[in-house]
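Spelled out from the first residue to the last, the chains are:
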Amino acid sequence: MLRTCFVPLFALALNALTSLPSLAQTNADSAYASPEAWLCRPGRTDLCSTDQTVTRIAADGARTVQTYKAQADAPIDCFYVYPTISLDPNPHSTLQAGPGERRAVAQQFAPFASVCRPFAPMYRQITLAGLRAVMAGNPAGVNAELPVEDVRAAWRHYLAHDNQGRGVVLIGHSQGSRMLIELLKRDVDGQPVQKQLVSALLLGYNVMVPTGKDTGGSLPSLGLCHSATTTGCLVTYSTFRETAPPPDNARFGRSNTAGSEVACTDPVRLSGQPLRSLLVRQESLLGQSLQNGPWAQAMQGIDTPFVDMPGMLQAACVKAGPLHYLALSIEADARGQRPADIPADIPGDIVVNERTWNDWGLHLIDANVVMGNLLELVRQQGASWVSKK
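Just so we're clear, the structure is a prediction, and the values are computed from it rather than from any experiment.

Q: Can you walk me through the packing of helix α5 (residues 145-163) against helix α6 (residues 175-188) in this structure?
A: In helix packing, the relevant descriptors are the interaxial angle and the interaxial distance, both defined with respect to the helix axes. Put simply, α5 and α6 touch, their axes get as near as 9 Å, and they point 60 degrees apart. The angle between α5 and α6 places the two elements in the oblique class. Seen from above, α5 lies across α6 with right-handed handedness. Facing α5, whose interface residues are Glu-145, Pro-147, Val-148, Glu-149, Val-151, Arg-152 and Trp-155, α6 presents Met-179, Glu-182, Leu-183, Arg-186, Asp-187 and Val-188. Split by residue class, the contact of α5 with α6 holds seven nonpolar, no polar and six charged.

Q: What is the right way to read the environment of Gly-130 from this model?
A: On the secondary structure map, Gly-130 appears in helix α4 (residues 128-135). Between the C-alpha atom of Gly-130 and that of Met-309, which follows or precedes it by 179 residues, the distance is 39 Å. Apart from residues lying up to four places away in sequence, Gly-130 is in contact with Asn-90, Pro-91 and Val-142.

Q: Could you clarify how one ought to interpret the sheet that holds strand β10 (residues 239-241) in this entry?
A: Two orientations exist for strands paired in a sheet by backbone hydrogen bonds: parallel and antiparallel. One open sheet accounts for three strands, arranged β10-β17-β16; its pairing is mixed. Strands at the two margins of the open sheet, each flanked by one partner only, are β10 and β16 (313-320). When strand polarity is set aside, the average angle formed by the axes of neighbouring strands in this sheet is 40 degrees. In terms of strand pairing, β10 meets strand β17 (residues 323-330) through three bridges, oriented parallel. Its bridge partner lying in β17, Arg-241 is registered against Leu-328.

Calculation rules
Residues numbered from 1 in each chain as written. Predicted model: local features only at pLDDT ≥ 70, side-chain atom pairs only at ≥ 80, totals over all residues. Heavy atoms only, no water. Axes fitted to C-alpha atoms, helices over the stretch in contact; angles between N-to-C directions. Helix = DSSP H or I, 4+ residues; strand = E, 2+ residues; numbered from the N terminus. Parallel < 35°, antiparallel > 145°, perpendicular 65-115°, else oblique. Left-handed = near helix turned anticlockwise from the far one by under 90°. Contact = heavy atoms within 4.5 Å. Nonpolar A, V, L, I, M, F, W, Y, C, P; charged D, E, K, R; others polar. Pairing = 2+ DSSP bridges.

Structure (C-alpha cells):
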C-alpha cells in the first residue's frame with residue numbers, strides 16, 4: 001500500500017472527529033519557545049533558508065534554471081501549517097519533526113522564503129494511526145481539538161515574540177487548511193489582528209460561502225481575493241483535471257448544501273502571469289512514490305527539486321452547478337520538444353494499491369501546480385499591504 005493512504009482517511013474521518021469531546025490542552029504555549037517546535041524560522045539554517053531551484057523546460061527542449069533566493073529582509077511574514085503527513089504510530093504526532101513533516105515543508109513551503117519570512121510550527125496533528133482508529137469506531141486517544149490548540153498556541157507565540165506589527169500570510173493545505181480556518185475563526189476574524197492579515201492561502205479544502213457571495217460562510221467577515229492588490233482576503237481552491245471534474249462523491253470542489261457553494265479563487269488570474277508550476281521532481285510527492293513510470297523517466301537528467309514546463313499547463317476556476325474547482329488542462333499541442341510522456345503523467349493523484357482516488361482530484365499538487373503564481377501573488381499582496389500601512 002502506498003503511504004499516501006493517510007490523506008483520504010483524514011477527510012473520511014473528519015465528521016466523526018469533530019463530534020468527539022475535546023480535552024483541555026496543557027503546556028502548549030510554552031512548547032513553542034523551543035526551537036525544535038518549529039520547522040522553519042527566519043535567521044537560522046533550516047529547510048527554508050536555502051535557495052530553491054526549478055528547471056524550466058521550454059517547448060524547444062531548452063532547459064534553464066531559475067533560483068528563488070531566501071530573502072532575510074522580506075517585508076512580510078508567512079505562517080505555514082502542513083497537511084496530513086505524519087506516520088507516527090500514535091493517534092497524534094509528537095512535536096518532533098519526522099521525514100513527512102520535513103518533506104511537506106520542502107515541497108510546499110520553502111520557496112515562500114523568497115517573498116516572506118518563514119514560520120512553520122510543528123503541531124500534534126491526527127496521524128494515520130489515529131484516523132484508522134476513528135474509522136474503526138475506536139476513537140480513544142483522538143482529540144480533534146489538540147491540533148487546533150497547538151496551531152493557536154504557535155500563533156500566539158509568533159504574535160508575541162516575532163510579529164512586531166508586520167503583515168502576515170497564512171498558508172495551509174488539506175488538514176493544515178482546516179487548522180487555519182479554525183485559527184481564523186477564533187483568533188483573527190473580527191479581531192484587531194485582522195488588520196495584519198495580508199491574505200490566507202487555504203488550499204485543498206472546502207471554504208464555503210453563500211451562493212454568489214464572498215463572505216458569510218466558513219469565515220463570517222473575511223472575503224475572497226479579487227486582485228493582487230486586495231489584502232486581508234482568502235485564496236482557496238481544489239485542483240481537478242479539466243477532463244475529470246469532481247464526481248458525485250468528491251471530497252472537494254462540490255457543494256452538497258443548498259444555498260452554499262465551494263469558493264474557488266484563481267491564483268493564475270490573480271497573479272497576472274502565465275501559469276508557473278513548481279512540480280516535484282524528487283522521488284516522493286508528499287509520501288507517494290515517483291520513482292517509477294513515465295514521470296521518473298522524463299525527469300532523468302534534472303537535478304533541481306522542482307520542474308516547470310511553461311505553456312503546457314493551463315488552469316482556471318470552473319463553476320458548473322454544484323461544482324466550483326480549479327480545472328487543470330494539459331495542452332498536448334504545446335509539448336514541442338519536451339518529453340513525450342509528460343502530458344499523460346503529471347503526478348498529483350492519490351493512488352492506493354494501483355487504484356486512483358478520483359474523488360480527490362489532483363490533491364497532492366494543489367500547491368505546486370501554481371506555486372510560481374502563488375509566490376508572485378504573495379509578493380504583490382505584501383507590497384500592497386506595506387504601501388497601505
